[in-house]
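In case you want the letters, here they are:
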Amino acid sequence: MGSSDPLFQASSIAAAIEQLADQLTPSVIRAARADQQGRADLDRIEYALGTIGKALILTDYAIDQEKDIDKLQAFRESQQG
């Protein structure tokens, strides 16, 4: 299985997200909220999680991949405004 195999990628992403979730403790969040750069980092985390959630929701396995990507790109563009 190569690193470009979609099933391998899904497994790797899941493992990375689980590891990162364990690190995002209340004390880390509180410390970040007390700092301007930390708040910006929390915003980036929230945006990334929102994008992941929308990608999971918007991806319809009955629709071709190009349409799925179009939906996700439209969502990302709407969030940047």
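Residues numbered from 1 in each chain as written. Predicted model: local features only at pLDDT ≥ 70, side-chain atom pairs only at ≥ 80, totals over all residues. Heavy atoms only, no water.

S.K.: Can you walk me through the overall build of the protein chain in this structure?
M.R.: Secondary structure summary: the protein chain contains four helices and zero strands in total. The secondary structure elements of the protein chain, listed N-terminal to C-terminal, are α-α-α-α. By residue count, 9% of the 81 residues in the protein chain fall in the buried class. Of the roughly 6700 Å² that the protein chain leaves accessible, carbon and sulfur atoms contribute 57%. (Helix = DSSP H or I, 4+ residues; strand = E, 2+ residues; numbered from the N terminus. Buried < 20%, exposed > 50% of the residue type's maximum accessible area, 1.4 Å probe, protein only. Areas by Shrake-Rupley, 256 points an atom, 1.4 Å probe, with all protein chains shown as cover.)

S.K.: How do you make sense of a nonpolar patch on the surface when you look at a structure like this?
M.R.: Together, Ile13, Ile17, Leu24, Val28, Ile45, Leu49, Ile52 and Leu56 line one region of the surface with nonpolar side chains, adding up to about 670 Å² of accessible area. Only helix H1 (6-23) and helix H3 (36-58) provide two or more residues apiece to the nonpolar patch. One can find isoleucine 45 in helix H3. (Patch = residues over 30% accessible without salt bridge, like charges linked within 9 Å, V, L, I, M, F, W, Y side chains within 5 Å. Salt bridge = Lys/Arg side-chain N within 4 Å of Asp/Glu carboxyl O.)

S.K.: Could you clarify how one ought to interpret the packing of helix H2 (residues 26-33) against H3 in this entry?
M.R.: Each pair of packed helices can be described by the angle between their axes along with the distance between the axes. Between H2 and H3, whose axes approach to 6 Å, the crossing angle comes to 120 degrees. By the angle between their axes, H2 is oblique relative to H3. Along its contact with H2, which presents Ile29, Ala32 and Arg33, the element H3 presents Gly38, Arg39 and Leu42. (Axes fitted to C-alpha atoms, helices over the stretch in contact; angles between N-to-C directions. Parallel < 35°, antiparallel > 145°, perpendicular 65-115°, else oblique. Contact = heavy atoms within 4.5 Å.)

S.K.: What is the right way to read the environment of glycine 38 from this model?
M.R.: Here glycine 38 lies in helix H3. A C-alpha to C-alpha distance of 9.3 Å links glycine 38 and valine 28, two positions ten residues apart in sequence.

S.K.: It is not clear to me how H3 should be interpreted in this structure. Could you clarify?
M.R.: Structural remark: α-helix, 3.6 residues per turn; residues separated by three or four positions point the same way. Look at H3: 33 Å from first C-alpha to last across 23 residues, which is about the 33 Å you get at 1.5 Å a residue. When we look at burial in H3, the residues that qualify are Gly38, Leu42 and Thr51. Measuring from the backbone nitrogen of glutamine 37 back to the side-chain oxygen at the start of H3 gives 3.0 Å, which picks out aspartate 35 as the cap. (Expected span 1.5 Å × (residues − 1). Polar contact = N/O pair within 3.5 Å; in protein donor to acceptor, adjacent residues only side chain to side chain.)

S.K.: Hey, could you run me through the pattern of salt bridges in this one?
M.R.: Charged atoms that come close allow side chains of opposite charge to pair. By the definition in use, this model includes one salt bridge. Arginine 44 serves as the salt-bridge partner of aspartate 41, at 3.1 Å between the closest nitrogen and oxygen. You can see aspartate 41 and its partner arginine 44 sitting in helix H3, three residues apart, about one turn around the helix. Assessed through its relative accessible area of 29%, aspartate 41 is described here as partly exposed. Judged by its relative accessible area of 59%, arginine 44 is exposed.

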